[in-house]
Amino acid sequence: MNVMIQGQLMNIFKTADFKDRETGEVKVGRLKLQLMCESVLSNGETKHELFDITIPDFKQEEYKDKVGEQVNVPCSFYAKGAVTFFGV
């Protein structure tokens, strides 16, 4: 299942490379978008949340000139407790 995440693009960054604990293999950091999203609560108040969404490296071109703008990011997701979104 895919969802569309809409919000203001605040930043694009790459995480640090890391070492897999099981294999010892060094893995390259991932590219992420930071989106400020807002939702309306049941009492009518507005809540802002910052989401980090992992995207493939080739998608950076699509978003690099949109920092500060509203964007729609098609995502898939998985959950191991907290829900994690990643761009598709």
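Before reading on, note that the structure itself is shown above.
## Description of the overall build of the chain
On a plain count of helices and strands, the chain comes out with 1 helix and 7 strands. Sequence-ordered secondary structure for the chain, helices as α and strands as β, is β-β-β-β-β-α-β-β. On the chain, roughly 6400 Å² of surface is accessible, and the fraction owed to carbon and sulfur atoms is 49%. One way to put it: in the chain the 11 positive side-chain charges average out to a point 6 Å from where the 13 negative ones average out.

## Points about the pairing of strand 1 (residues 3-14)
Where strand 1 and strand 6 (residues 70-80) come together, 6 bridges link them in antiparallel fashion. Looking at strand 6, one finds that glutamine 8 is bridged to glutamine 70. Across 6 bridges, the pairing between strand 1 and strand 4 (residues 31-40) is antiparallel. Residue pairing across strands places leucine 9 opposite leucine 35, the latter belonging to strand 4.

## Overview of the environment of leucine 33
Relative to the helices and strands, leucine 33 resides in strand 4. With 28 residues separating them in the primary sequence, leucine 33 and glutamate 61 have C-alpha atoms 12 Å apart. The contacts of leucine 33, once residues within four sequence positions are left out, are Leu9, Asn11, Ile12, Phe51, Asp52, Ile53, Ile55, Tyr63 and Val73.

## Quick word on the state of the cysteines
Inspection of every chain in the model, using the stated rule, returns 0 disulfides. Free cysteine: cysteine 37, not disulfide-bonded; nearest cysteine sulfur from cysteine 75 at 9.1 Å. The exposure class assigned to cysteine 75 is buried, which follows from its relative accessible area of 0%.

## Quick look at the nonpolar core
The biggest cluster of nonpolar side chains holds 14 residues, and the ones touching the most others in it are Ile5, Leu9, Leu33, Leu35, Ile53, Tyr63 and Val73. Elements with a contribution of two residues or more to this core: strand 1, strand 4, strand 5 (46-55) and strand 6.

Calculation notes
- Residues numbered from 1 in each chain as written.
- Predicted model: local features only at pLDDT ≥ 70, side-chain atom pairs only at ≥ 80, totals over all residues.
- Heavy atoms only, no water.
- Helix = DSSP H or I, 4+ residues; strand = E, 2+ residues; numbered from the N terminus.
- Areas by Shrake-Rupley, 256 points an atom, 1.4 Å probe, with all protein chains shown as cover.
- Lys, Arg positive; Asp, Glu negative; His and termini not counted.
- Charge placed at Lys NZ, Arg CZ, Asp CG, Glu CD.
- Pairing = 2+ DSSP bridges.
- Contact = heavy atoms within 4.5 Å.
- Disulfide = S-S within 2.5 Å.
- Buried < 20%, exposed > 50% of the residue type's maximum accessible area, 1.4 Å probe, protein only.
- Core = buried A, V, L, I, M, F, W, Y, C linked by side-chain atoms within 4.5 Å.

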